[in-house]
Amino acid sequence: MNRIRPVVVSALALVAVASLSACGDMADGAQGPQHGEPGHKMLQVGTVNGVGAVVTDADGKTLYRFDKDVSSPPTSNCEGDCTKSWLPMLAGVATPMLKGIQDTQVGTATRKDGTKQITLNGWPLYEYAGDKAAGDMNGQGANGTWFAIAPDGSKITAAGKAAGGAGS
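These figures come from a predicted structure and were not determined experimentally. (Residues numbered from 1 in each chain as written. Predicted model: local features only at pLDDT ≥ 70, side-chain atom pairs only at ≥ 80, totals over all residues. Heavy atoms only, no water.)

1. What about the overall build of the protein chain?
Each helix and strand counted, the protein chain has two helices and 12 strands in total. Ordered by position from N to C terminus, the α and β elements of the protein chain give α-β-β-β-β-β-α-β-β-β-β-β-β-β. Counting over 168 residues, the protein chain shows a buried share of 35%. Look at the contacts in the protein chain between residues 6 or more apart in sequence, and 62% of them connect residues 24 or more apart. Accessible surface, the protein chain as shown: approximately 9000 Å² in total, 56% of it carbon and sulfur. (Helix = DSSP H or I, 4+ residues; strand = E, 2+ residues; numbered from the N terminus. Buried < 20%, exposed > 50% of the residue type's maximum accessible area, 1.4 Å probe, protein only. Contact = heavy atoms within 4.5 Å. Areas by Shrake-Rupley, 256 points an atom, 1.4 Å probe, with all protein chains shown as cover.)

What follows is the structure, given as C-alpha coordinates:
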(Lines give C-alpha, C1' and ligand atoms only; values in the text may rest on other atoms or scores of the structure.)
Protein backbone atom coordinates (compact mmCIF):
# COMPACT_ATOMS: atom_id res chain seq x y z
CA MET A 1 0.00 0.00 0.00
CA ASN A 2 2.81 2.41 0.87
CA ARG A 3 4.51 1.70 -2.46
CA ILE A 4 1.45 2.79 -4.45
CA ARG A 5 1.45 6.37 -3.12
CA PRO A 6 4.99 7.24 -4.44
CA VAL A 7 4.11 5.73 -7.82
CA VAL A 8 0.92 7.79 -8.08
CA VAL A 9 2.72 10.99 -6.99
CA SER A 10 5.50 10.33 -9.54
CA ALA A 11 2.98 9.73 -12.31
CA LEU A 12 1.13 12.96 -11.51
CA ALA A 13 4.40 14.91 -11.49
CA LEU A 14 5.33 13.46 -14.88
CA VAL A 15 1.95 14.46 -16.34
CA ALA A 16 2.34 18.01 -14.97
CA VAL A 17 5.84 18.40 -16.44
CA ALA A 18 4.71 17.05 -19.82
CA SER A 19 1.73 19.44 -19.85
CA LEU A 20 3.89 22.47 -19.06
CA SER A 21 6.50 21.61 -21.65
CA ALA A 22 3.78 21.33 -24.31
CA CYS A 23 3.15 25.07 -23.91
CA GLY A 24 6.65 25.98 -25.07
CA ASP A 25 7.92 26.38 -28.64
CA MET A 26 6.67 23.68 -30.96
CA ALA A 27 8.49 22.24 -33.93
CA ASP A 28 5.84 23.40 -36.42
CA GLY A 29 6.39 27.06 -35.48
CA ALA A 30 3.34 27.42 -33.25
CA GLN A 31 3.92 28.70 -29.74
CA GLY A 32 1.80 28.50 -26.66
CA PRO A 33 -1.44 26.65 -25.97
CA GLN A 34 -3.44 24.88 -28.64
CA HIS A 35 -5.87 26.88 -30.77
CA GLY A 36 -9.37 26.90 -29.45
CA GLU A 37 -8.52 26.91 -25.75
CA PRO A 38 -10.43 29.67 -23.94
CA GLY A 39 -8.76 33.06 -23.76
CA HIS A 40 -6.06 32.41 -26.33
CA LYS A 41 -5.45 34.38 -29.52
CA MET A 42 -3.49 33.53 -32.66
CA LEU A 43 -1.46 35.57 -35.11
CA GLN A 44 -0.49 33.81 -38.31
CA VAL A 45 0.67 34.59 -41.81
CA GLY A 46 -1.99 34.22 -44.47
CA THR A 47 -2.12 35.02 -48.16
CA VAL A 48 -4.54 37.38 -49.87
CA ASN A 49 -4.78 37.08 -53.66
CA GLY A 50 -3.06 39.96 -55.41
CA VAL A 51 -1.46 41.20 -52.18
CA GLY A 52 0.65 38.38 -50.75
CA ALA A 53 1.51 37.69 -47.11
CA VAL A 54 -0.65 39.41 -44.49
CA VAL A 55 -1.16 38.82 -40.78
CA THR A 56 -4.45 37.13 -39.92
CA ASP A 57 -6.21 35.85 -36.83
CA ALA A 58 -6.98 32.20 -36.12
CA ASP A 59 -9.92 32.29 -38.54
CA GLY A 60 -7.86 33.73 -41.40
CA LYS A 61 -9.37 37.23 -41.11
CA THR A 62 -7.04 40.05 -42.12
CA LEU A 63 -5.57 42.22 -39.36
CA TYR A 64 -4.99 45.95 -39.83
CA ARG A 65 -2.98 48.84 -38.44
CA PHE A 66 -4.11 52.46 -38.12
CA ASP A 67 -1.80 55.27 -39.29
CA LYS A 68 -3.03 57.53 -36.47
CA ASP A 69 -1.81 55.05 -33.84
CA VAL A 70 1.73 55.30 -32.47
CA SER A 71 4.19 52.40 -32.48
CA SER A 72 6.66 53.79 -29.93
CA PRO A 73 5.40 53.71 -27.29
CA PRO A 74 2.56 51.52 -28.58
CA THR A 75 -0.60 53.63 -28.40
CA SER A 76 -4.08 53.10 -29.83
CA ASN A 77 -5.95 56.19 -31.04
CA CYS A 78 -9.06 54.33 -32.22
CA GLU A 79 -11.64 54.92 -29.49
CA GLY A 80 -15.42 55.26 -29.19
CA ASP A 81 -17.29 54.99 -32.51
CA CYS A 82 -14.08 53.99 -34.28
CA THR A 83 -14.13 50.63 -32.47
CA LYS A 84 -17.54 49.78 -33.94
CA SER A 85 -15.97 49.29 -37.37
CA TRP A 86 -12.39 48.59 -36.29
CA LEU A 87 -12.38 45.93 -33.59
CA PRO A 88 -9.27 46.02 -31.38
CA MET A 89 -7.56 42.64 -31.09
CA LEU A 90 -7.57 42.37 -27.32
CA ALA A 91 -5.03 40.20 -25.55
CA GLY A 92 -6.23 36.91 -24.12
CA VAL A 93 -5.20 35.29 -20.86
CA ALA A 94 -1.94 33.99 -22.31
CA THR A 95 0.64 34.86 -24.93
CA PRO A 96 -0.89 34.44 -28.40
CA MET A 97 -0.02 31.47 -30.56
CA LEU A 98 2.21 32.50 -33.45
CA LYS A 99 2.68 30.93 -36.88
CA GLY A 100 5.18 32.70 -39.11
CA ILE A 101 5.44 35.70 -36.76
CA GLN A 102 8.53 36.49 -34.67
CA ASP A 103 7.66 36.41 -30.96
CA THR A 104 10.02 39.33 -30.29
CA GLN A 105 7.75 41.58 -32.39
CA VAL A 106 4.55 40.80 -30.50
CA GLY A 107 3.48 42.82 -27.47
CA THR A 108 0.57 44.75 -26.01
CA ALA A 109 -0.58 48.33 -25.64
CA THR A 110 -2.76 49.48 -22.76
CA ARG A 111 -5.88 51.14 -24.13
CA LYS A 112 -7.50 54.16 -22.44
CA ASP A 113 -10.12 51.82 -20.92
CA GLY A 114 -7.38 49.68 -19.35
CA THR A 115 -7.71 46.67 -21.67
CA LYS A 116 -4.62 45.25 -23.38
CA GLN A 117 -4.46 45.26 -27.18
CA ILE A 118 -2.09 43.00 -29.09
CA THR A 119 0.62 44.81 -31.07
CA LEU A 120 2.96 43.80 -33.87
CA ASN A 121 6.22 45.74 -34.04
CA GLY A 122 4.51 48.26 -31.76
CA TRP A 123 1.42 48.76 -33.94
CA PRO A 124 -1.94 47.93 -32.28
CA LEU A 125 -3.90 45.33 -34.29
CA TYR A 126 -7.52 45.50 -35.43
CA GLU A 127 -10.08 43.48 -37.35
CA TYR A 128 -12.42 45.26 -39.76
CA ALA A 129 -16.13 44.60 -39.15
CA GLY A 130 -16.69 44.60 -42.93
CA ASP A 131 -14.47 41.54 -43.40
CA LYS A 132 -16.82 38.56 -43.19
CA ALA A 133 -14.64 35.66 -44.34
CA ALA A 134 -11.04 34.49 -44.39
CA GLY A 135 -9.09 36.35 -47.06
CA ASP A 136 -11.39 39.40 -47.10
CA MET A 137 -9.47 42.68 -47.13
CA ASN A 138 -12.35 45.15 -47.40
CA GLY A 139 -10.77 47.63 -45.01
CA GLN A 140 -7.59 48.10 -47.04
CA GLY A 141 -6.84 51.80 -47.55
CA ALA A 142 -10.02 52.94 -45.77
CA ASN A 143 -9.94 56.70 -45.15
CA GLY A 144 -6.31 56.63 -46.28
CA THR A 145 -5.31 55.50 -42.77
CA TRP A 146 -6.16 51.78 -42.41
CA PHE A 147 -3.87 49.15 -43.91
CA ALA A 148 -3.38 45.41 -43.68
CA ILE A 149 -0.29 44.57 -41.68
CA ALA A 150 2.66 42.52 -42.97
CA PRO A 151 4.38 39.84 -40.85
CA ASP A 152 7.17 42.31 -39.98
CA GLY A 153 4.68 44.94 -38.76
CA SER A 154 4.93 47.19 -41.80
CA LYS A 155 1.81 48.43 -43.54
CA ILE A 156 0.79 46.86 -46.81
CA THR A 157 0.03 49.51 -49.40
CA ALA A 158 -0.94 47.16 -52.23
CA ALA A 159 -4.40 47.88 -53.56
CA GLY A 160 -7.23 46.00 -52.02
CA LYS A 161 -10.94 46.57 -51.98
CA ALA A 162 -11.13 49.82 -49.99
CA ALA A 163 -14.00 50.63 -47.71
CA GLY A 164 -15.23 53.85 -46.15
CA GLY A 165 -15.18 52.60 -42.56
CA ALA A 166 -15.44 54.73 -39.44
CA GLY A 167 -12.50 56.07 -37.55
CA SER A 168 -10.50 58.35 -39.73
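2. Some thoughts on the state of the cysteines
This model, assessed by the stated rule, comprises one disulfide. Covalently, Cys78 is tied to Cys82 through a disulfide, its sulfur atoms 2.0 Å apart. Between Cys78 and Cys82, the S-S torsion sits near -110°, and that sign places the bridge as left-handed. With relative accessibility at 0%, the residue Cys78 sits in the buried group. (Disulfide = S-S within 2.5 Å.)

3. Observations concerning the sheet that holds strand E6 (residues 86-88)
The sheet built from four strands is open, its strands ordered E6-E11-E3-E12 with antiparallel pairing. Lying at the two open borders of the sheet, with one neighbouring strand each, are E6 and strand E12 (146-148). Adjacent strand axes in the sheet meet at a mean angle of 45°, parallel and antiparallel pairs treated alike. By the bridge criterion, three bridges tie strand E3 (residues 63-66) to E12 in an arrangement that is antiparallel. Note on E12: the bridge partner recorded for Tyr64 is Ala148. (Pairing = 2+ DSSP bridges. Axes fitted to C-alpha atoms, helices over the stretch in contact; angles between N-to-C directions.)

4. A closer look at the packing of aromatic side chains
In this description, an aromatic ring pair is defined by two values, namely the gap between the centres and the angle between the planes. Counting across every chain of the model gives six aromatic pairs. Relative to Tyr128, the ring of Tyr64 has its centre 6.4 Å away and its plane inclined at 75°; by these criteria the two rings are edge-to-face. Here Tyr128 lies in strand E11 (residues 126-128) and Tyr64 lies in strand E3, a separation of 64 residues in the sequence. The buried category is assigned to Tyr64, whose relative accessible area is 0%. On the basis of an interplanar angle of 10° and a centroid distance of 4.1 Å, the ring pair of Phe66 and Trp146 is categorised as stacked. One end of the pair, Phe66, is in strand E3; the other, Trp146, is in strand E12, with 80 residues separating them in the sequence. Judged on exposure class, the residue Phe66 and its partner Trp146 are both buried. Every member of this aromatic cluster is reached through a ring pair, and the members are Tyr64, Phe66, Trp86, Tyr126, Tyr128 and Trp146. Taking NZ or CZ as reference, Arg65 lies 3.7 Å from the ring centre of Trp123, over its face. Directly above the aromatic system of Phe147 lies the positively charged group of Lys155, at a separation of 4.6 Å from the ring centroid. (Phe/Tyr/Trp six-rings, centres within 6.5 Å; stacked < 30°, edge-to-face > 60°. Lys NZ or Arg CZ within 6 Å of the ring centre and 35° of its normal.)

5. Observations concerning the sheet that holds strand E1 (residues 42-48)
With mixed pairing, the three strands of this open sheet are ordered in space as E2-E1-E7. Edge positions in the open sheet fall to strand E2 (52-56) and strand E7 (97-99), since each of these has one partner strand only. Between one strand axis and the next, the sheet turns through 30° on average, direction left out of account.

6. What about the environment of Gly144?
Within the fold, Gly144 resides in the loop between E11 and E12. It is 9.4 Å that separates the C-alpha atoms of Gly144 and Phe66, two residues lying 78 residues apart in sequence.

7. Side note on the pattern of salt bridges
Summed over the entire model, instances satisfying the criterion amount to three salt bridges. Notably, a salt bridge pairs Glu79 with Arg111, separated by 3.5 Å at the nearest N-O pair. Here Arg111 lies in the loop between strand E8 (106-110) and strand E9 (116-120) and Glu79 lies in the loop between strand E5 (74-75) and helix H2 (82-85), a separation of 32 residues in the sequence. A relative accessible area of 26% means that Glu79 is categorised as partly exposed. With a relative accessible area of 6%, Arg111 lands in the buried category. (Salt bridge = Lys/Arg side-chain N within 4 Å of Asp/Glu carboxyl O.)

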